[in-house]
Amino acid sequence: MNVATGASLGREATLAEWLNYLEQLHPVAIDMGLSRVKTVQERMALIPVCPVITVAGTNGKGSVCAMLTRILTIAGYKVGTYTSPHLLHYNERIAINGVPVGDAAIVDSFAAIQAARGDISLSYFEFGTLAAVHQFMAQQVDVVVLEVGLGGRLDAVNIFEPTASGVVSIGIDHQAYLGDTREAIAAEKAGIYRQGKPALCSDPIPPQTLIDVAHTAGADLQLIGQHFGFEMQAEGQQWVWWHRNGSRKNALPIPALRGKYQMSNAAMALGLLEAVKEQLPVSLGDIKRGLLEVEWPARFQVLPGRPTVVLDVAHNPHAAAVFRASLDNMGFHPVTHAVLGMMQDKDIDGVIKLVADRIDVWHLAAPQLPRAATAASLAQTVLAISPRARVVEHESVEKAYRAACEAADEADRILVFGSFFTVAEVMQARGQ
């Protein structure tokens, strides 16, 4: 196969063959900029006629997309949702009503993009973004929910004009691409805001740069705590959502997704629904049922059985702080085992510092990726922070998890975190 053209690939190729090709197609995995992907979008006339909701943020954006998808699906709409990365199968990224589309459909979209791009090189993510919207238009969805991959302003998702957009949280991550301050990162994420369109932010302390970008764009900026928000009631068993326009939704159930931080995510989801209510009305019953039924794997996911196993894709300090807070809300466990694997380009020291005093035994391993940090380097960081920590290095994430299960008593807990790839390898080991 000629990697430059992919001439031998077509609709008869498998999805695995296509993904292998796409991984080699572009010279770099992350290539910030919209000109190339925008040109291909225009050639294909990929302009959704239905409402588009775009969600960005350092953490929490996937949970917001999951809540939106479930509520809108229950309300009877056909919902196209694009998220990334995936845990086990690429198809997870492109879903209709929460159900991943099949291999053949994705291959069909890849082939269409290949035919349209000519000599324009596209990254793996850009190809996938175009394929998602190609599928959503082909299947005539009623609404498109798009999760930004990285940043916002220069992310491929941003070529599609949103009806409403939201920035969930702003933390330090992807510094090489977005900047090393919250102010710089906030400005990049606010790039999804549009003139005259609802532009929500659920970060409790939004940097001034986000506010400035929104105002410069002429967006209808709505900040949590000022223009919309939530209040707990019934001793924390229910809550109220409110909006500056006087709208209130009372006696709402606590979202099925665990963690107190999910309350602000739910408030964001309801704020975005409020923003599109003229085109996509939903009932209070739809919202309540959607909050109770929403699922989003590996976001403080507590698995059934003993010992207690918690899966969380926390991979930056912002997410680690939330992870710690959720751990503190769990019941007592005599011993906490951690299965940790991280990427070299992440703030490993920052993540470990935030949770070190909650962990008794560390099982360390490198996920099966070239950019994964070695078990030895992770051990060095753990011991530098907690010199008396019990640390065990393993050849693989699966072996680390098996060892933790063997060492843990029924009353103990096992935490699996540090990377999407770490969690995915444990899920595969469990046969999920």
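Preceding this paragraph is the structure being described.
Residues numbered from 1 in each chain as written. Predicted model: local features only at pLDDT ≥ 70, side-chain atom pairs only at ≥ 80, totals over all residues. Heavy atoms only, no water.

**Student:** Can you walk me through the sheet that holds strand E10 (residues 238-243) in this structure?
**Tutor:** With respect to topology, three strands assemble into an open sheet ordered E9-E10-E11, the strand pairing being antiparallel. Strands at the two margins of the open sheet, each flanked by one partner only, are strand E9 (228-233) and strand E11 (248-253). Pairs of neighbouring strands in the sheet enclose a mean axial angle of 25°, with direction left out of account. Packing against the sheet, helix H9 (residues 262-275) makes contact with E9, E10 and E11, and its axis sits at approximately 40° to E10. Contacts between helix H10 (residues 284-293) and the sheet are confined to E10 and E11, with E11 contributing the most and set at about 35° to the helix. (Pairing = 2+ DSSP bridges. Helix = DSSP H or I, 4+ residues; strand = E, 2+ residues; numbered from the N terminus. Axes fitted to C-alpha atoms, helices over the stretch in contact; angles between N-to-C directions. Contact = heavy atoms within 4.5 Å.)

**Student:** When you look at the packing of aromatic side chains in this model, what are you seeing that I'm missing?
**Tutor:** Aromatic ring pairs: the centre-centre distance and the angle between the two ring planes describe each pair. Within this structure, the stated rule accounts for 10 aromatic pairs. Between the aromatic rings of Phe230 and Trp239, the centroid separation amounts to 6.2 Å while the plane-to-plane angle is 85°, which identifies the pairing as edge-to-face. Taking the relative accessible area as the measure of exposure, Trp239 reaches 0% and is therefore buried. Here Phe323 and Phe417 contribute two aromatic rings whose centre-to-centre distance is 5.0 Å and whose plane-to-plane angle is 40°, an arrangement assigned as tilted. Remark: Phe417 occurs in strand E17 (residues 413-417) and Phe323 occurs in helix H11 (residues 317-328); sequence separation between them is 94 residues. (Phe/Tyr/Trp six-rings, centres within 6.5 Å; stacked < 30°, edge-to-face > 60°. Buried < 20%, exposed > 50% of the residue type's maximum accessible area, 1.4 Å probe, protein only.)

**Student:** How should I be thinking about the packing of helix H14 (residues 397-407) against helix H15 (residues 420-429) in this particular structure?
**Tutor:** Axis angle and axis distance: for two packed helices, these are the angle between their axes and the distance between the axes, and together they describe the pair. At a minimum axis separation of 9 Å, H14 and H15 run at an interaxial angle of 65°. On the basis of their axis angle, the class for H14 and H15 is roughly perpendicular. Viewed along their axes, H14 and H15 form a crossing whose handedness is right-handed. Within the contact between the two elements, H14 uses Val397, Glu398, Tyr401 and Arg402 and H15 uses Thr422, Glu425, Val426 and Ala429. Classifying every residue of the contact of H14 with H15 gives four nonpolar, one polar and three charged. (Parallel < 35°, antiparallel > 145°, perpendicular 65-115°, else oblique. Left-handed = near helix turned anticlockwise from the far one by under 90°. Nonpolar A, V, L, I, M, F, W, Y, C, P; charged D, E, K, R; others polar.)

**Student:** Explanation requested: the nonpolar core in the structure shown.
**Tutor:** In summary, soluble globular proteins display a tendency toward joint burial of nonpolar side chains. The biggest cluster of nonpolar side chains holds 62 residues, and the ones touching the most others in it are Trp18, Ile94, Phe110, Leu130, Tyr193 and Leu210. Looking at which element gives the most residues to this core, the answer is helix H5 (residues 124-138), with eight residues. Discounting chain neighbours no more than four positions away, the residues touching Phe110 are Leu15, Trp18, Leu19, Leu22, Tyr90, Phe127, Gly128 and Ala131. In terms of nonpolar packing, the next biggest core, distinct from the first, is built from 36 residues, Val79, Leu200, Phe228 and Leu291 among them. (Core = buried A, V, L, I, M, F, W, Y, C linked by side-chain atoms within 4.5 Å.)

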